[in-house]
Amino acid sequence: MAGRLYLCATPIGNLEDITFRVLDTLKKVDLIAAEDTRHSIKLLNHFQIKTPMTSYHEYNKVDKAIYLVGQMEKGKDIALITDAGTPGISDPGEELVRQCCRAGIEVTSLPGATACITALTMSGLETRRFCFEAFLPWDKKERKRVLEELKDETRTIILYEAPHHLQKTLEDLLEVLGDRQVTICRELTKQYEEAVRTTLLEALGRFAEKDPKGEHVIVIQGRKADDIIREQQQRWDDVSIEDHMERYAQEGMDRKEAMKAVAKDRGISKREVYRYLLEKGE
């Protein structure tokens, strides 16, 4: 009988945030795969867990996943832990889960701490709809593409950033997204936890004067849908309704369909379009 993979969420700062279920699982499994065994041994020692560990990280994730799947196929149960938070979110655990699913290995996730949700819930920004982008890519072309995609994102945006890259990322966000409400969190769940609720422009000045320390979670206000609609409508301000109608006519629309499309584009009623064309003798 095949074993199982347990995705075990570990504390993001405060050791008391670990769950009883995770502790019990870490004690019972045959092997713990850890992102950094030197880091995780401190956690295991604190809770007196003696289960053997093996390293599983970004640089061995493919080959090591093959090995771990093989062990589970032989009947061993394996727990996966990351340095902090929930495995599989912006870390190499994604690859191991993928290979387990392909091999028919059962995967279960033991919920617990995760920095993105912790920051979102204390941000003061909208929580009903949000998107998580983790770390922005550093390849210039790819970074620009992702930022342009986020420009018209109406959901709350969550990013991770290292302290030595924070200033550059804030500059790029301000340039592409414009000034937005933002909450920047650091040292989450720790003694000196901080949530700075400000704007992108003000944050630039703040962190230029104060050298940032610790991993940061950036929670950014999504763009207002009304602003996007208004901007789209304003594109037609310099185009007459007659020319607007003609564009759709050239695409093969009949008069009725064209009037409906023009009205939608301009944010007016079809009746207003009809009345205007009637007055122009169109």
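Residues numbered from 1 in each chain as written. Predicted model: local features only at pLDDT ≥ 70, side-chain atom pairs only at ≥ 80, totals over all residues. Heavy atoms only, no water.

Let us look at the sheet that holds strand S10 (residues 216-220). Taken together, five strands build an open sheet; the order of strands is S6-S7-S10-S8-S9 and the sheet is mixed. The sheet is open, and its two borders are formed by strand S6 (130-134) and strand S9 (194-199), each paired with just one other strand. For this sheet, the mean angle separating the axes of adjacent strands, direction not counted, is 20°. Lying over the sheet, helix H8 (residues 200-209) contacts strand S8 (181-186), S9 and S10, oriented at roughly 125° with respect to S9. (Pairing = 2+ DSSP bridges. Helix = DSSP H or I, 4+ residues; strand = E, 2+ residues; numbered from the N terminus. Axes fitted to C-alpha atoms, helices over the stretch in contact; angles between N-to-C directions. Contact = heavy atoms within 4.5 Å.)

What follows deals with a positive patch on the surface. Positive charge collects at one region of the surface, where Lys256, Lys260, Lys264 and Lys270 lie side by side. Counting through the fold element by element, lysine 270 comes out in helix H12 (residues 270-279). The exposure class of lysine 270 is partly exposed, given its relative accessible area of 37%. (Patch = residues over 30% accessible without salt bridge, like charges linked within 9 Å, V, L, I, M, F, W, Y side chains within 5 Å. Areas by Shrake-Rupley, 256 points an atom, 1.4 Å probe, with all protein chains shown as cover. Salt bridge = Lys/Arg side-chain N within 4 Å of Asp/Glu carboxyl O. Lys, Arg positive; Asp, Glu negative; His and termini not counted. Charge placed at Lys NZ, Arg CZ, Asp CG, Glu CD. Buried < 20%, exposed > 50% of the residue type's maximum accessible area, 1.4 Å probe, protein only.)

The contact between helix H3 (residues 61-73) and helix H4 (residues 93-103) brings their axes to 9 Å, and the two run at 45°. As far as their axial angle goes, H4 and H3 are oblique. Between H3 and H4 lies a crossing whose hand is right-handed. Contacts between H3 and H4 pair Lys61, Val62, Ala65, Ile66, Leu68, Val69, Met72 and Glu73 from the former with Glu95, Leu96, Gln99, Cys100 and Ala103 from the latter. Taken together, the residues that form the contact of H3 with H4 break down as nine nonpolar, one polar and three charged. (Parallel < 35°, antiparallel > 145°, perpendicular 65-115°, else oblique. Left-handed = near helix turned anticlockwise from the far one by under 90°. Nonpolar A, V, L, I, M, F, W, Y, C, P; charged D, E, K, R; others polar.)

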